[in-house]
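So the chains spell out like this:
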Amino acid sequence: MSVYLITGATSDLGFELIKTVAKEGDTFLLQGYSDSSALEQFCGENKIDYTYFDVNLSDSDATDKFVEDIKETGLVPTHFVHLPALRVINTKFKSFDEERFMADINVQVMSAVKICKYIMPKMAKAKYGRVLFMATSYVLANPPKNTAAYIMAKNAIVGLMKSLAADYVANGITVNSVSPSMIEPKFLAQTSHLIVEAAANDRPM
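Conventions we followed
- Residues numbered from 1 in each chain as written.
- Predicted model: local features only at pLDDT ≥ 70, side-chain atom pairs only at ≥ 80, totals over all residues.
- Heavy atoms only, no water.
- Helix = DSSP H or I, 4+ residues; strand = E, 2+ residues; numbered from the N terminus.
- Buried < 20%, exposed > 50% of the residue type's maximum accessible area, 1.4 Å probe, protein only.
- Contact = heavy atoms within 4.5 Å.
- Areas by Shrake-Rupley, 256 points an atom, 1.4 Å probe, with all protein chains shown as cover.
- Core = buried A, V, L, I, M, F, W, Y, C linked by side-chain atoms within 4.5 Å.
- Axes fitted to C-alpha atoms, helices over the stretch in contact; angles between N-to-C directions.
- Parallel < 35°, antiparallel > 145°, perpendicular 65-115°, else oblique.
- Nonpolar A, V, L, I, M, F, W, Y, C, P; charged D, E, K, R; others polar.

Caption draft 1: Geometry of the overall build of the protein. Looking only at helices and strands, the protein features six helices and six strands. Listing the helices and strands of the protein from first to last along the sequence gives β-α-β-α-β-α-β-α-β-α-β-α. Expressed as a percentage of the 205 residues in the protein, the buried residues total 41%. Sequence-distant contacts, at least 24 apart, represent 66% of the contacts inside the protein between residues at least 6 apart. Split by element, the accessible area of the protein, about 11,100 Å² in all, is 55% carbon and sulfur.

This is the structure:
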């Protein structure tokens, strides 16, 4: 039996991930912070064993409580997939929004740190674990202009991934990130259509 902990589960990616990997006997711990009705309907219709947590990951105290709630389930995740991020906003650096950036750091990075501090030792004891973070192709090459906040947060996630991979490689745990190009129309709702079209022309997939 696999126990999947998926943060950002109500996103398009989260929903598709659950549909792809779910099989009989698996258990899902799902975090979101938006309308979860479609996700919960899908889980009900497909008889998926799940627990849903409505958590604002930008709130450090709420994230701490979320970790405690995971502990209280008595379940030890075998798989952790971390997807959440605030939507990309293209802003000139002179208008850098420090408050929003720190909120995104909490959502993307600090929540992952808090969760991993709990689950990684558990996975190490079990000698098995699979951890996956969502990065971006922008960490692999030159990013577009006016995306400093997003790129900084994603590079922090990649740094966390590399560090955890090095720390736990001897314990049967794999830690990876994926770096896709632009995806999810809802996620890009506040990105100029010209930027989206240019990216699509460069990468037809």
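There's more to say after this.
Caption draft 2: Just the nonpolar core, in detail. Counting residues in hydrophobic clusters, the biggest one holds 35 residues, and the most contacted among them are Phe80, Met120 and Phe133. For this core, the secondary-structure elements that each account for two or more residues are strand E1 (3–7), helix H3 (60–73), helix H4 (98–126), strand E5 (129–134), helix H5 (148–168) and strand E6 (173–178). Among the elements that take part in this core, H4 stands out by supplying twelve residues, more than any other. Apart from the residues lying within four places of it in its own chain, the contact partners of Phe133 are Phe80, His82, Ala112, Cys116, Ile157, Leu160, Met161, Leu164, Val175, Asn176, Ser177 and Val178. Judged by nonpolar contacts, the second largest core, of 14 residues, contains Phe28, Leu39, Cys43 and Met134.

Caption draft 3: A look at the packing of H4 against H5. Running from N to C, H4 and H5 cross one another at 10 degrees; their axes reach a closest spacing of 9 Å. Judged by the inter-axis angle, H4 sits roughly parallel to H5. Seen from H4, the contacting residues are Phe101, Asp104, Ile105, Gln108, Val109, Ala112, Val113, Cys116, Met120, Pro121 and Ala124; seen from H5, they are Ala149, Tyr150, Met152, Ala153, Lys154, Ala156, Ile157, Leu160, Leu164 and Tyr168. Split into classes, the residues belonging to the contact of H4 with H5 amount to 18 nonpolar, one polar and two charged.

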